[in-house]
Structure formats: C-alpha cells, structure tokens
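Chain and residue survey
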Amino acid sequence: MPKPMKSAPAAKRKPAAAAAARKPAKAAAKPAAAIAAKGKGEKRPAPDAPAKPAKRARREPTPPLSSSDDEEEPEEEADASSAVDSDDESPTQQEGEPESAPAPANPLAIRLDLADLDPKLVRQMAALANKLSEGNLDAMATELEAMYDTFPRMAVTSALTAQTLASVAEKVHLLDGFVMTYAALLACIGSTMGVEVVASFVQAAVTRWLELLANPATLREACNVLVLIGHMYNFQIISCALVYDMVRRLVDEVSEDRIELVLKLVKLCGLQLRNDDPTALKDIVGLIQSRAAAVLGDAAPFRVKFMLETLGDLAAGKQAHRHAFFSIADHPLARMAANAHRRRPGAVKLEPLRPSLDDIMHAKTRGMWWRIGSAWVGHDSAAIKAAQQKAKVNESALLKLARKHHMNTDVRRAIFVVVMTAEDYMDAYERLCKLGLTEKQEREIVRVLVHCIGQEKAYNPYYAVLAQKLCVTKHAYKITFQFTLWDYLKDTSADAEEEDDAAVPAKYSRRLQHTARLYSHLIRSTALPVAVLRVLDPTRLSPHQRRFLKVFVPLIAAACRGEGADAALPAELLNQQRGLMVGLDADTGRGGGAMRVAKTEAEVVAGILKVVEELDKVMRRFHS
C-alpha cells in the first residue's frame, strides 16, 4: 500500500476515507482542529518559529473492511478530504488557537457531555445501550463491569449516566419495558460496583427530571425520565421517600398534565408504594384531591376526574382498578436483579438509597448525600451560629467546673466534658470512644466516673449504667474499676480514719454511699466479679472500710433478692451480656438456650448472695 509523502517522521494515522467509512457521522463531536492537534506522537513547533507551509498528502485507496478494524480506534475527522499526515499543524488550525477545551474544574464530577469523555469509551457504551435487552441483561452487566476494569471509574459512571439519560429523555413516548431494562441494569451493576455508581446516577437523573419539568415544552421527556425513576424504585434502588417527594413536587402546580404524570407514576409503582407506606399514600392522594378541587373545582375535565378517582381507589385498597397498576413482583427482570449479588463473587445486596428531594436539589451546597461525612447543613445560618456560640459558652463553664474538681490534665477535662454533656449513657459511650484515647489514658475514664458520682448531691444511676457499659465492652475497664475500688478502700484521710460515725462530715458520707451503690450495681449486674472484695480482711477492717461495708452489704443483698431501687437492670446491657450464649444456641439449633441463660444467672446471683451473707456474719461477729 503506498504511503503518504511527508517531510519528517509523521504521526501514524489511519486514512481519512477509511475512518469516515467505519465511523457513523454523528460520532464526530470535536472539531477537526482540536483532534488533529492531539495526534499520537505529534510535536508542535516552537512558539517563535514561523509556521511551515502545510503539505497535502496523497490520498490512499480505501482498504476493505475487516474484523480487525472494529478493534482499532478510528480517528475523528470532520472532513475526509482535509486529513493530513504531517508533523506540522493542521491547515485548518491557525497559530494561537487552543488545542482542546479546558478540563472541568472538578474532575470527580459527573460529566453528562459525551464530547468530554474518551471516544472509545463512548462508542463502547453506545454499543452496549444498542444491544441491551431483557434476554442479554446479565451479559451486558458483565460487559459493563469489564469497562470499569478498563477505564477510570468516574469516566464509566459518567458515560453510563449520559448514555442512559440520552436514550430515555426522548420526545416520543417510550415503552415501559424499554425503560425498565436500564433500571434493571443499574440494579445489577450497583450490587457489584458499589452504591456510589447508582447514587451518582440518581442524583443526575432527578436533577435532569427537575430541569425538564420546569419547561412545559419538555413534559414528554420528563415523563420518560419519571418512568425510569419509578422503575428504579421498583427495583429497590431508591426508597419510597424520594417518590413521595416527587409527587408532592408535581402537585405544587395543579394542571391536567401534572396530574397525568402523577397517575403515570402511581400506576407504575403504586402497589409497591401501598405496601411500603400506605399511610403516606393516603395523605398524598388526599393532598392531590384537595388541591385539584381548590384549583379546578367543578369545571374539572372528565379525564381529570377519572384520574383522581383511580388514585382514590388505590389509596382505599379497592380491587376494581387493581389490574391497571403495574406489578413488579412476578416480572423476570425483578428476580434477576434481586439475585444479581448471588451470581457474582464479591457482590453485596443493594440497599435502597434514602435521599430526599431536598438533598438532591441542594447537593452542590450541602455535599454528596451518598458519601458518609460529606453532606452538611451549612455553617453560615444564624441558628447554627447561635447554637455553636451557646455550646462554646457551656463548654467554657464546664471547663471551669472541671478545674474546680481538680481535673488537672487535658484528657481528664475532655472526659469530664463528655460525661457531663451527653444525652444518655450510649451517647456518652460513643463520644468517649471517639476521643481516641490510648490504653493508658482510658483508665482516666473510670477515675472521672467514680469521682463524679461521689460529688453528686443525689445518687444518679446514669454513672452506674455507663460504668456497666464500659465493663461489658472491654475487660481493661473491669481491672481499672477494681484498682479504683482498692485505692478508695485504702483511703487514709482524716475523715476516713475518724472512729466516731457521728463526727463524719456529710460530704464524706455522701461520697461513701454513692460509691457503695455504684459497686453494688456493677457486682449485681455481673459487670464486675464479687472477687473484687478479696482485698478486705473482715477481721481487720479500718473505720473507713467498716462504714463502706455497712452500706454496701445491705444494698447488694437487697439487689440479689430483687428488692430495692437497684434491682432493675438495663435490658439492652443484660441482653448484651447474654448475647453470646443465646446466639450459639440459635446457630446450633439446640433448644433450651433461654433456660440455660436464666439458670446461669440464678447461679451467679446465688453465689454473690452467699459471699455477701458470709461477709455480713463475719462483720457482726468482729465489728458488732
């Protein structure tokens, strides 16, 4: 085959006529000047060098098409007669002209313009869309997964979104079965490639639907996109909350076209909506009927009255018009999409996305709602600024209170603020875990808890339940509580050594009672073993230890017998302590697991009660 004449080593390019013969006319999206400047191995002359005269190459004969040509990448040319193989600039491009369009500001954003994407990826995605049908859905999903392995992830998601919306947002009425295959493909690919793929598509599809809905001339395109979103709900890609928000958006402006869109959506997924949230469906239908009556009145066309009557029958659960609604339950695509995660290794079942229409509309200002930690509500509002200022004032007051209670390190002050400002014991536990303390610093949590419960004017079971949660979660906390009790029992202060109980200060007595109640709760709930009392010698007790046991023994005895205020235990913590044995019984299928747990608990309580009674006898004998 003759080669084109060239004055210097030129970029290897395919004949223009052959490229034009292999490529459809509408594939040429970029101008010829921009494409010619991006040739493989092409070098541009220096800016100061004069432009060389362009040399036109001889046109080669068009070779016959073969199967190997389909695998090659044809070049995009605007005109076959202007194709030139030369090291110089293209004759159609003048000096100083830009070579290509500037890159988008955010490379991670979804690009809906196919001209900004890789031409090879665009062609493969268009071929996939042309071949897509119910029969080859599984094969097309596998081919799409191969694209994710070949091209950048965001580029494939952008091409998939742009191609699907371009195919669906047509000015003609599309069959529901045609649109449903795209929704089924998204359900299959979401289970393997992750939730971000379908979340990005949902964001782009709903945004496109809002743009089309705002223009009365594009209501047919809006209807087709609405059908796609409805099928995405049928395939459990999105939740019913977004569908209800879209219906409310439609009835903001009551008209015959808007009501027709509502009826189209309700006919498509009304049965599923009624199963998910029948109360919300009744509220929506009532809202539509009231607004239609207020706007149209008695002059409403017969077609509108029929549509409103159909919506009312669906909300009431009447069977008269049930055949007019689409049911996804027995459709083969529904079974295929539901079992997609079972046919592919590493795939997971896709959970429905739960964004609201407001989240999608304000994604640019509030962040990406589908990414954990990305969405935010805005820090420039007056209410949030006032709340932040109030929090700063409260935190400043708590820090002063912490210094007053001798919280002399940053770690102890941080723990003190968390414990004092938590809503409940679970909130306190989660915030303490987020402090990122080392194993040595975690011991300060126990010391701060014991100090705080002793300083309260009235006993607060919040500290006891939080201490129980810590002990159940991590064994190291049990050891720290044990050593903290031993340090407290070895107290050698003047108040502790006072022999006369009547001369003991009220503050010391209050702290002793609260500490005794704390440890009686922990031992009764089996968060701490009764062996923590082994440091005490009943025959040689100090006045401080004797007063502690006088309060502790009656409390733990009453709790073991199911009497007193400390007898009730938090159900969720008790279930957490029992969870291992109950779970093993459920997994192995053996019966009687609950009876064995109850018997074990009764044995533990009986053992605690036996130790306490022996301790009480010894105290009465030596310290009567």
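What you are looking at is a predicted structure, and each value in this text was computed from that prediction instead of being measured.

Quick word on the overall build of the protein
- The helix and strand tally for the protein stands at 26 helices and zero strands.
- Within the protein, contacts between residues separated by at least 24 positions form 77% of all contacts whose residues are at least 6 apart in sequence.

Focus: the packing of aromatic side chains
- Enumeration over the complete set of coordinates arrives at six aromatic pairs.
- The ring of Tyr 429 carries the charged tip of Lys 469 above its face, separated from the ring centre by 5.1 Å.

Quick notes on helix H9 (residues 240-250)
- In terms of burial, H9 is largely enclosed, as eight of its 11 residues are buried.
- Every buried residue of H9 is listed here: Cys 240, Leu 242, Val 243, Tyr 244, Asp 245, Met 246, Val 247 and Leu 250.
- Tucked into the core, H9 has its buried residues touching helix H7 (195-214), helix H8 (219-234), helix H10 (256-276), helix H11 (278-295) and helix H15 (357-361).

Some points on unusual backbone geometry
- Unlike most non-glycine residues, Gln 236 shows phi in positive territory, near 60°.
- Tracing the sequence through the fold places Gln 236 in the loop between H8 and H9.
- Classification of Gln 236 by relative accessible area gives partly exposed; the value is 31%.
- Of note, Thr 526 is a non-glycine position whose phi angle comes to about 60°, a positive value.
- For Thr 526, the location among the structural elements is in the loop between helix H23 (506-524) and helix H24 (543-560).
- The class of Thr 526 is partly exposed, set by a relative accessible area of 34%.

Some words on the environment of Ala 414
- Here Ala 414 shows up in helix H18 (residues 410-421).
- For the pair Ala 414 and Leu 432, spaced 18 residues apart in sequence, the C-alpha to C-alpha distance is 9.0 Å.

So, the packing of H10 against H11
- Orientation of H10 relative to H11, taken along the N-to-C sense of each, is 160°, at an axis distance of 9 Å. In terms of orientation, H10 and H11 fall into the roughly antiparallel class. Seen from above, H10 lies across H11 with left-handed handedness. Contact residues: H10 offers Ile 259, Val 262, Gly 270, Leu 273, Arg 274, Asn 275 and Asp 276, while H11 offers Pro 278, Leu 281, Ile 288 and Ala 292.
- By residue class, the composition of the contact of H10 with H11 is seven nonpolar, two polar and two charged.

Thoughts on the confidence of the model for the protein
- Taken residue by residue, the protein gives an average pLDDT of 75. The fraction at 70 or more is 72%.
- Per-residue pLDDT stays below 50 along residues 1-108; that stretch engages in 101 contacts with residues further than four places along the chain or on separate chains.
- Segment residues 578-598 is flagged for pLDDT under 50; beyond a separation of four residues in sequence, or across chains, it makes 11 contacts in the model.

Considerations on the side chain of Ser 167
- You can see Ser 167 is positioned in helix H5 (residues 153-168).
- Here Gln 163 takes part through its backbone oxygen, which lies 2.9 Å from a polar atom of the side chain of Ser 167.
- In this view, Ser 167 contacts Leu 174, Phe 178 and Tyr 182; residues no more than four positions away in its chain are not counted.

A closer look at the nonpolar core
- With 102 residues, the main nonpolar core has Leu 144, Val 202, Trp 209, Leu 228, Phe 235 and Ile 237 as its most contacted residues.
- Examining the composition of this core, we find that 12 residues originate from one element, H7, more than from any other.
- In contact with Phe 235, not counting residues within four places along its chain, are Met 180, Ala 183, Ala 184, Ala 187, Ile 328, Leu 333, Ala 334 and Ala 337.
- Ranked by size, the runner-up nonpolar core spans 60 residues in total, among them Ile 445, Ala 527, Phe 548 and Met 619.

Comments concerning the pattern of salt bridges
- Per the counting criterion, the structure on display carries 12 salt bridges.
- Here Lys 264 ties to Asp 176 by a salt bridge, and the two come within 3.5 Å at their closest N and O atoms. Residue Lys 264 is found in helix H10, and its partner Asp 176 is found in helix H6 (residues 176-193); the two are separated by 88 residues along the sequence.
- Asp 427 is the partner of Arg 431 in a salt bridge, and the nearest nitrogen-oxygen pair spans 3.8 Å. Linking Arg 431 with Asp 427, this pair stays in helix H19 (residues 425-433), spanning four residues, or about one helical turn.
- Linked by salt bridges that have partners in common, Arg 412, Glu 444 and Arg 447 make up one network.

Quick word on the environment of Phe 326
- Tracing the chain through its elements places Phe 326 in the loop between helix H12 (302-316) and helix H13 (332-338).
- In this structure, the C-alpha to C-alpha distance between Phe 326 and Cys 269, residues 57 residues apart in sequence, is 6.5 Å.

Notes on the environment of Leu 449
- If you trace the backbone, Leu 449 turns up in helix H20 (residues 443-455).
- Residues contacting Leu 449, with those up to four places away along its chain left out, are Val 419, Tyr 463, Leu 466, Ala 467, Leu 470 and Phe 481.

Points about the packing of H5 against H6
- At a minimum axis distance of 11 Å, the contact between H5 and H6 shows a crossing angle of 165°. Comparing their axes, H6 and H5 come out roughly antiparallel. Both H5 and H6 take part in a crossing whose hand is left-handed. Along the contact surface, H5 presents Arg 153, Leu 160, Thr 164, Ser 167 and Val 168, while H6 presents Phe 178, Val 179, Tyr 182, Leu 186 and Met 193.

Reading the values: rules and limits
- Residues numbered from 1 in each chain as written.
- Predicted model: local features only at pLDDT ≥ 70, side-chain atom pairs only at ≥ 80, totals over all residues.
- Heavy atoms only, no water.
- Helix = DSSP H or I, 4+ residues; strand = E, 2+ residues; numbered from the N terminus.
- Contact = heavy atoms within 4.5 Å.
- Phe/Tyr/Trp six-rings, centres within 6.5 Å; stacked < 30°, edge-to-face > 60°.
- Lys NZ or Arg CZ within 6 Å of the ring centre and 35° of its normal.
- Buried < 20%, exposed > 50% of the residue type's maximum accessible area, 1.4 Å probe, protein only.
- Axes fitted to C-alpha atoms, helices over the stretch in contact; angles between N-to-C directions.
- Parallel < 35°, antiparallel > 145°, perpendicular 65-115°, else oblique.
- Left-handed = near helix turned anticlockwise from the far one by under 90°.
- Nonpolar A, V, L, I, M, F, W, Y, C, P; charged D, E, K, R; others polar.
- pLDDT = per-residue confidence, 0-100.
- Polar contact = N/O pair within 3.5 Å; in protein donor to acceptor, adjacent residues only side chain to side chain.
- Core = buried A, V, L, I, M, F, W, Y, C linked by side-chain atoms within 4.5 Å.
- Salt bridge = Lys/Arg side-chain N within 4 Å of Asp/Glu carboxyl O.

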